[in-house]
Structure formats: structure tokens, C-alpha cells
Amino acid sequence: MTEFTVFQQKISAFLPEIEVRFQESLAKHTSFRIGGEAEVMAFPKNREELSEILKVSALLDCKPAILGAGTNVLAPDNGLPGLIICLKDCLGGMEQLDETHIRVAAGVTMTRAAVFAANLGLSGLEFAHGIPGSVGGGVYMNAGAYGGEICQVAESVDVMDMAGNLTTYTNEQMCFSYRHSILEDVGGIVVSAVFSLVACPPDEIKAKMKELMGVE
């Protein structure tokens, strides 16, 4: 019988309804398929569960590590103590808000967001089609490619702080700069983003994507 650590016992007691795994292999959740075991890995299914996990983490004086799609993450072979929150299957969904705006949840891949916008006839996210990883990670570090950047299209960002509270940041408040946002300084988890785009025929948008990707 496995002997649980004190921290694992506390997490189990405080989060009985949320999926948590002990000694979970990080290699299973990273694109490079490397990494040892996480002492505790939590898998929230929605923003409410995420908030609950963060509140318990604060109560236990634990600063959790956040794992999104796991793209280009170099997880240590000797594993990680404490708590890792895996958001890969948590923050999903996309919706059109009006003629030129869409809201995309942080767990959606950049590629899916770009295709969703293209199918709606909305231009501006073509550059994101070739960027690996999730929208949350892309917003967090102001991802860019082919001359485009998240800061050019992100109108607002819903952010959950490490105490589980939700706040909406404007583009200006995000303090975007080259591969950087204010979240790298103050912390927080991107929950979703609203993108301001421009109407354009879908065929033209998709042709632009192929051109950027070098596809004939």
C-alpha cells in the first residue's frame, strides 16, 4: 500500500470532489515526453473547480505550478514536489460575441482559435495558426509569429489570481511587450480572452494562413 505524504493527505481531504493524481508522470503531459513524477497533479474540469483548487492552495500556503498544453515544457527528470494544476482539458470553448469579436477559452489551441475565426470570416489570427500551445499560454507571453502578436488582437483578458478571484484586464492593463505580459510579473492564470478581429472572406483568410505556413 502506497504511503501518502502529508501534503497529499491534505489535498485529498480538502478537494474530495476534484480529480487529483499522486506521483503522476510529467512525461505524460509534456510534448517532449520527459519529466519525473509530480507529487500531486490536479485536473479541474471548469473555472469553478480551478478557483476551488487555488483557494485550497492558498490555505495550505502552497504555490502551485500551472501546466497548460505542455508544449515545449522541460520538466525535470527528478519530478516536482507540491501541486501542479493541469489545465489542458479545463478551459475549453469558443464563441462569437458580435460581428467582429470572439471569446476563446485559455485551453483552446492557438491553431483551433485561428481556424474558428477563419470559418467565421474574421481576420487577425492568421499568424496564430502555426503557433503550438494554448491560447492561455499565448496570451500570457504575448506569443507571435509571421509579424503578428497576441497584443494586436486581444481586447480583454479574464485572469484568475492565485487566490481564485477572477478579474478582467484590458489590453492596456496587460502591459504587453515582446514575448511578455504583466502576468509574468504579478502572476495569475489566463481563463479566456476576447479578440477583436476584422471581417474578411473566409477563403482569403485561409489562403493567407497557407501562405504564412508555406503550404502550396
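Description of the structure in this document. In this text the structure is predicted, and so the values were computed from the model without any measurement. Within each chain, residues carry numbers counting from 1 in the order of the written sequence. Note on the predicted model: pLDDT of at least 70 is required for a residue's local features to be given, and 80 or more for side-chain atom pairs to be given and counted; whole-chain, interface and lining totals, by contrast, use all residues. Each side-chain value is derived from all of the structure's non-hydrogen atoms; neither hydrogens nor water enter the calculation.

## As for unusual backbone geometry
One non-glycine residue with positive phi stands out, namely Gln23, at about 50°. Locating Gln23 in the fold gives a position in strand E1 (residues 20-25). Unlike most non-glycine residues, Arg179 shows phi in positive territory, near 50°. You can see Arg179 is positioned in the loop between strand E11 (166-170) and helix H5 (183-186). Strands here are runs of E lasting at least two residues and helices are runs of H or I lasting at least four, both read from the DSSP assignment and numbered beginning at the N terminus.

## Regarding the environment of Val191
On the secondary structure map, Val191 appears in strand E12 (residues 189-196). Only protein chains enter the accessibility calculation, which uses a 1.4 Å probe; a residue is then buried when its area is under 20% of its type maximum, exposed when over 50%, and partly exposed in between. Among the residues examined, Val191 registers a relative accessible area of 1% and is labelled buried. With 166 residues separating them in the primary sequence, Val191 and Ser25 have C-alpha atoms 25 Å apart. We call two residues in contact when some of their heavy atoms are within 4.5 Å. Aside from chain neighbours lying at most four places away, what touches Val191 is Arg47, Leu91, Ala105, Ala106, Asp158, Met160 and Leu166.

## Here's the deal with the sheet that holds E1
Two strands qualify as a pair provided that DSSP identifies no fewer than 2 bridges between them. In spatial order, the strands read E1-E2-E4-E3; together these 4 strands make up an open sheet with mixed pairing. Edge positions in the open sheet fall to E1 and strand E3 (65-67), since each of these has one partner strand only. Averaged over all neighbouring strand pairs, the angle between strand axes comes to 35°, with direction disregarded. Pairing geometry for E1 and strand E2 (residues 37-42), over 5 bridges, is antiparallel. Bridging across to E2, Val20 finds its partner in Ala42. To obtain each axis, a line is fitted to C-alpha atoms, and for helices this fit is confined to the stretch in contact; angles are then taken between N-to-C directions over 0 to 180 degrees. With respect to the sheet, helix H1 (residues 6-14) is in contact with E1, E2 and strand E4 (80-86), its orientation differing from that of E2 by roughly 10°.

## Quick look at the packing of helix H3 (residues 110-119) against helix H6 (residues 202-213)
H6 packs onto H3 with a crossing angle of 150° between their chain directions and a minimal axis gap of 8 Å. Relative to H6, the element H3 lies roughly antiparallel. Residue-level inspection shows Ala114, Val115, Ala118 and Asn119 of H3 in contact with H6, the latter providing Pro202, Ile205, Lys206 and Met209. Side-chain classes are defined by residue name, with Ala, Val, Leu, Ile, Met, Phe, Trp, Tyr, Cys and Pro counting as nonpolar, Asp, Glu, Lys and Arg as charged, and the others, Gly among them, as polar. For the contact of H3 with H6, the class distribution of residues is 6 nonpolar, 1 polar and 1 charged. With respect to orientation, any angle under 35 degrees is reported as roughly parallel, any angle over 145 as roughly antiparallel, any angle of 65 to 115 as roughly perpendicular, and every other angle as oblique.

## Concerning the pattern of salt bridges
Two side chains with opposite charge may pair up if their charged atoms get near one another. The term salt bridge refers to a pairing of a side-chain nitrogen on Lys or Arg with a carboxyl oxygen on Asp or Glu at a separation within 4 Å. Under the definition given, this model contains 5 salt bridges. We note a salt bridge from Arg21 to Glu24, for which the minimum N-O separation is 2.9 Å. Through salt bridges with shared partners, one network takes in Glu19, Arg21, Glu24 and Lys28.

## Overview of the sheet that holds strand E5 (residues 94-96)
Here we have 5 strands laid out as an open sheet, ordered E5-E6-E12-E10-E11, and antiparallel in their pairing. Strands with a single pairing partner mark the edges of an open sheet, and in this sheet they are E5 and E11. Within this sheet the neighbouring strands show an average axis-to-axis angle of 15°, counted without direction. Sheet strands touched by H3: E5 and strand E6 (101-105). Its angle to E5, the strand with the most contacts, is close to 25°.

## Looking at H3
Given 3.6 residues per helical turn, the α-helix brings residues three or four places apart onto the same face. Considered for burial, the residues of H3 that qualify are Met110, Ala113, Ala114, Ala117 and Ala118. Axial view of H3: buried residues confined to an arc of 135°, hence all on one face. As for H3, its buried residues are in contact with E5, E6, strand E7 (122-123), helix H4 (135-140) and H6. Gly121 lies just past H3 and shows a positive phi near 75°. Each direction from the helix axis to a C-beta atom contributes to the arc, which is the arc of those directions.

## Focus: the packing of aromatic side chains
Classification of ring pairs rests on two measures: the distance between centres of Phe, Tyr or Trp rings, Trp counted by its six-membered ring, which must be within 6.5 Å, and the angle between planes, read as stacked under 30 degrees, edge-to-face over 60 and tilted in between. With the rule as written, the count across this model stands at 1 aromatic pair. Taking 5.0 Å as the distance between ring centres and 65° as the angle between the ring planes, the aromatic pair formed by Phe4 and Phe22 counts as edge-to-face. Linking Phe4 in the segment before H1 with Phe22 in strand E1, this pair joins segments that are 18 residues apart in sequence. Taking the relative accessible area as the measure of exposure, Phe4 reaches 37% and is therefore partly exposed. Geometrically, a charge over a ring is one whose NZ (Lys) or CZ (Arg) sits within 6 Å of the ring centre while staying within 35 degrees of the ring normal. A cation over a ring is seen here: Arg21 above Phe43, with NZ or CZ 4.1 Å from the ring centre.

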